Structure formats: C-alpha cells, structure tokens
Amino acid sequence: MKKLKEYAMPTVVLFIICFAATLLLGLTNSVTEPKIEQLAQETEQKSRQTVFPDAASFGDVTTPEEGTTIVPALDSEGEVIGYVVVNSEKGYGGEISVMTGVDTEGKVTGVNILSHGETAGLGANATGEKFRNQFIGLVKDITVSKDKPGDNSIDALTGATITSRAVVRAVNAAIEAAGGENIG
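J.: In this structure, what is going on with a nonpolar patch on the surface? I would like to understand it.
T.: On the surface, Val12, Phe15, Ile16, Phe19 and Leu23 cluster together into a nonpolar patch covering about 550 Å² of accessible area. Mapped onto the secondary structure, Ile16 falls in helix H1 (residues 2-51). By relative accessible area, Ile16 is classed as exposed at 52%.

In structure tokens, the structure reads:
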C-alpha cells in the first residue's frame, strides 16, 4: 500500500500540472489568435499594396491551381485594374514564394519575395529593391541576362543565376495566371 502512495502522489501532481499548463495554453491561444489573424491580414494587405501601389483595395482571393492565388486589384470605384498573384518556384535553396502585381495590360507593377531559402549574400539578394524593381513595366516572356539586359529582361544576380531564373519563372507564371481572359 505504501508503494501505491509513492507512485500515486507524483502522478496526481504531474497530471494537475499538465492539466493547468494545457488550460493556460488554450486560454492564451484564444486570446492571441484574433490579434495574430489581424496582423497577418495587415501584413498581406501591405505586401499587396507594395506590388500594386495604384490599387485602392483588393477583391476576394481565388486559387485557380494548387500553390497559386490571385487577388483582383481594384480602383476607388471597385473596377479591376489588375491582379496580385502569389506563386512559387524552386530556387537554389528551395522554394521561393513570389508575389507579383500585374495590370490589365499584362505589365508587372511590382514584385515581392515573400519567403525563400536562398544563400545569404547571393540568392537572398533577390529580396532587394534593386533586383525586384527591374521587373516593373515588363511583360510576359521575361528573360534573364548575365551581361546587359535587353528590353524585356532582367540582370541576373551575381553568383545567383539559379535564383534569378526561379524568380523570373514565377513572375512569368504570374503574368500568365493573371492573363488570358482577364487581361484586356
């Protein structure tokens, strides 16, 4: 009987501690979840505004295929002036998630790298404004140049051609996803 008390008491105490910790974690989650969701929506809105600065607001998200989302960019009257497309491509260090703004004429209005696993100091430079701004005004079939970019090409990142090509593939796919019946 004494052995039963030796094991029972620590078990009961451990159960009470685990129950209290679980209860507190659940309570904390229920309190912070709305704030986390609100911050996520604000961050997403800011990212959309970055790639489509002329938009007054944005419409509902559609998912035409797995891994791609499209959101209409709207003017102050609620008319569609373009689209914000999020997709991803395989880069050197893994998937690169790219947000691209495309106007109704099929021109890129902005590019934002949402996430990546690229090498610091090389492929990670794709997040820099200098690289991203090269896409503004370009149209479908963008190419990568290692020397001097042409009319519809961008200058590759030094030492990160794979990353540059991945971002270009993502942007070209975004233009196509926003295009078709949508553009024009």
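Anyway, onward from the coordinates.
J.: Explanation requested: the pattern of salt bridges in the structure shown.
T.: A side chain of one charge can pair with a side chain of the opposite charge when the charged atoms of the two come close. Under the definition given, this model contains 3 salt bridges. Its salt-bridge partner being Glu105, residue Lys107 comes within 3.9 Å of it at the nearest N-O pair. According to the relative accessible area criterion, Lys107 is partly exposed, its value standing at 35%.

J.: For this particular structure, what's the right way to read the pairing of strand E4 (residues 80-90)?
T.: Remark: a regular strand shows side chains that alternate across the two faces of the sheet. Relative to E4, strand E3 (residues 68-74) is paired through 6 bridges, and the arrangement is antiparallel. By the bridge assignment for E4, Ile70 is matched with Val85. What sits between the antiparallel neighbours E3 and E4 is a turn of 5 residues, in which Gly78 has the positive phi angle 85°. In this structure, E4 lies alongside strand E5 (residues 95-103), joined through 9 bridges in antiparallel fashion. Its bridge partner being in E5, Ser88 is matched across the sheet by Ser97.

Analysis parameters
- Residues numbered from 1 in each chain as written.
- Predicted model: local features only at pLDDT ≥ 70, side-chain atom pairs only at ≥ 80, totals over all residues.
- Heavy atoms only, no water.
- Patch = residues over 30% accessible without salt bridge, like charges linked within 9 Å, V, L, I, M, F, W, Y side chains within 5 Å.
- Areas by Shrake-Rupley, 256 points an atom, 1.4 Å probe, with all protein chains shown as cover.
- Salt bridge = Lys/Arg side-chain N within 4 Å of Asp/Glu carboxyl O.
- Helix = DSSP H or I, 4+ residues; strand = E, 2+ residues; numbered from the N terminus.
- Buried < 20%, exposed > 50% of the residue type's maximum accessible area, 1.4 Å probe, protein only.
- Pairing = 2+ DSSP bridges.

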